[in-house]
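Listed here are the chains, written in short residue letters.
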Amino acid sequence: MIQKLYKILCNINEAANVLRDEPMSRHTTFRIGGPAAIFCMPQTVPQLADTVKACVEAGVPYYILGNGSNVLVSDEGYKGVIIQLFRNMDGIRVNGTELEVEAGALLVRMARLAAKEGLTGLEFASGIPGTLGGALVMNAGAYGGEMKDVVKEAVVMKPDGEILRLKKDELELGYRTSVIAKKGYLVLSALLELEKGDKGAIEARMQELKEARTSKQPLEYASAGSTFKRPEGYFAGKLIMDAGLRGYSVGGAQVSEKHCGFVINRGGATARNVMDLVCHVQEEVKKQFGVELEMEVKLLGF
């Protein structure tokens, strides 16, 4: 079935944009992961729609990938189709105080363009390594800002190819969740509403956040960002630190000594190393504090 689907996807996307047994370690910020059976890079919305339709009809699972910044892929890889939008559908258009952004656009690039145009509201996103699509699915946020503060509407596609235009309140954006995640929609684009601001002040704030990240987060190592969701009433990093797990390692995976909320790849870490470490952290925090830590990182192939 995979070989047959591969040929179909080559016809839809051009053969150069469809790869077999592509190592996912090349496409995730964790630098971990076995091969995807098929790795597909649609260039247009019709190609994306036809690709998803082909996967559904073949009964083969698929996953929409942006920059791979919040994903851990198993060492065995992913037996389905990875559909990557990053670097492809990534256009950004400025119209007054509005930004019309395609799903594959990097948040960092969006924030820089907004600053260049003297538009404020996206400073919080200037250091988040993901794309617009993933940011909307998870309502990404940092340093007091989140996507629901700036999104006006989004264009999404259902797995059957139907395209919907959803207003802000219809997106049901909450802490690391959205109607997009709940219903398996695919983000195509979004309209962001920003405000006119002082260019110097915007750039200064972005520099301030960059320095804060550099000093507090282990950016020098491969990771998937914050490993755990914030438990209500607590901070995951502090719970892990108070449990005595700062620097705890399994193989090449380690609880960051700089920020205990991050699991890092110190070099050569496997997905199994990461999962064994995560399970130990969850068990210790539960045992010592009665708090259950839920992973924020998406798991593929497990």
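The shown structure was predicted, so the numbers you read here are calculated from the model rather than taken from an experiment.

**Q** So what's going on with the overall build of the chain? Residues and values would help.
**A** Helix and strand content of the chain: 8 helices and 19 strands. What you see for the chain is a C-alpha radius of gyration of 19 Å, in line with the 19 Å of a compact globule of 302 residues. Projected onto the principal axes, the alpha-carbon positions of the chain cover approximately 55 × 50 × 30 Å. Counting across all 302 residues of the chain, residues that qualify as buried make up 53%. The contacts of the chain with a sequence gap of at least 6 include a subset with a gap of at least 24, amounting to 63%. Accessible surface, the chain as shown: approximately 13,800 Å² in total, 49% of it carbon and sulfur. Averaging the locations of the 37 positively and 37 negatively charged side chains of the chain gives two centres separated by 2 Å.

**Q** Pulling in residues and values, what's your account of the pattern of salt bridges?
**A** Taken as a whole, this structure holds 17 salt bridges when the rule is applied. Glu22 is the partner of Arg26 in a salt bridge, and the nearest nitrogen-oxygen pair spans 3.5 Å. With relative accessibility at 58%, the residue Arg26 sits in the exposed group. Close ionic contact of Asp276 with Arg272 constitutes a salt bridge, the shortest N to O distance being 3.4 Å. Residue Asp276 and its partner Arg272 are both found in helix H8 (residues 271-289); the two are separated by 4 residues, about one turn of the helix. Note on Asp276: relative accessible area 36%, which makes it partly exposed. When salt bridges with common partners are traced through the structure, they connect Glu98, Lys152 and Glu193 into a single cluster.

**Q** Which residues make up the pairing of strand E6 (residues 92-95), and what values do they have?
**A** Two elements, E6 and strand E7 (residues 98-102), share 4 bridges in a ladder whose sense is antiparallel. Counterpart to Val94 in the pairing with E7 is Leu99. In textbook terms, the turn of a hairpin is the stretch between consecutive antiparallel strands, and for E6 and E7 this stretch comprises 2 residues, one of which, Gly96, has a positive phi near 70°.

**Q** Provide a residue-level description of the packing of helix H3 (residues 107-116) against helix H6 (residues 199-216), including the pertinent values.
**A** Where H3 contacts H6, the two axes come as close as 9 Å, and the packing angle between them is 155°. The pairing of H3 with H6 is recorded here as roughly antiparallel in orientation. Here Ala111, Arg112, Ala115 and Lys116 of H3 lie close against H6, whose contacting residues are Lys199, Ile202, Glu203 and Met206. Looking at the contact of H3 with H6 residue by residue, the class counts come to 4 nonpolar, no polar and 4 charged.

**Q** Can you explain the sheet that holds strand E18 (residues 262-265)? Please cite residues and give values.
**A** If you walk across this open sheet you meet the 4 strands as E15-E18-E17-E16, and the pairing is antiparallel. If you trace the sheet from one side to the other, it starts and ends with strand E15 (222-226) and strand E16 (249-250), each paired once. Across 2 bridges, E16 lies against strand E17 (residues 253-255) in antiparallel orientation. When the bridges of E17 are listed, Val250 appears paired with Ala253. Running over the sheet, H8 touches E16, E17 and E18 and is turned about 30° from E17.

Parameters and conventions
Residue positions are counted from 1 within each chain, in the order its sequence is given. Predicted model: local features are reported for residues with pLDDT of at least 70 only, side-chain atom pairs are reported and counted for 80 or more only, and whole-chain, interface and lining totals are derived from all residues. The side-chain figures draw on all heavy atoms in the structure; neither hydrogens nor water molecules are used. By the criteria applied, helices consist of DSSP H or I runs no shorter than four residues and strands consist of E runs no shorter than two, each listed in order from the N terminus. For the radius of gyration, the atom set is restricted to C-alpha positions; the globular benchmark scales as 2.2 Å times the number of residues to the power 0.38. Each residue is assigned to one of three classes by its accessible area relative to the maximum for its type, calculated with a 1.4 Å probe on protein chains only: buried under 20%, partly exposed between the two thresholds, exposed over 50%. Note on definitions: a residue-residue contact is assigned when non-hydrogen atoms from the two residues lie within 4.5 Å. Residue-level accessible areas treat just the shown protein chains as cover; the underlying method is Shrake-Rupley with a 1.4 Å probe. Counting rule applied: Lys, Arg positive; Asp, Glu negative; His and chain ends not counted. By convention, the charge on Lys lies at NZ, on Arg at CZ, on Asp at CG and on Glu at CD. We define a salt bridge as a contact between a side-chain nitrogen of Lys or Arg and a carboxyl oxygen of Asp or Glu at a distance within 4 Å. Here a strand pair is declared whenever DSSP counts at least two bridges between the two strands. Helix axes are fitted to C-alpha atoms over the stretch in contact, other axes to C-alpha atoms as well, and angles between N-to-C directions run from 0 to 180 degrees. When an angle is under 35 degrees it counts as roughly parallel; over 145 it counts as roughly antiparallel; between 65 and 115 it counts as roughly perpendicular; any other value is oblique. Each residue receives one of three labels: charged for Asp, Glu, Lys and Arg, nonpolar for Ala, Val, Leu, Ile, Met, Phe, Trp, Tyr, Cys and Pro, and polar for the others, Gly being one of them.

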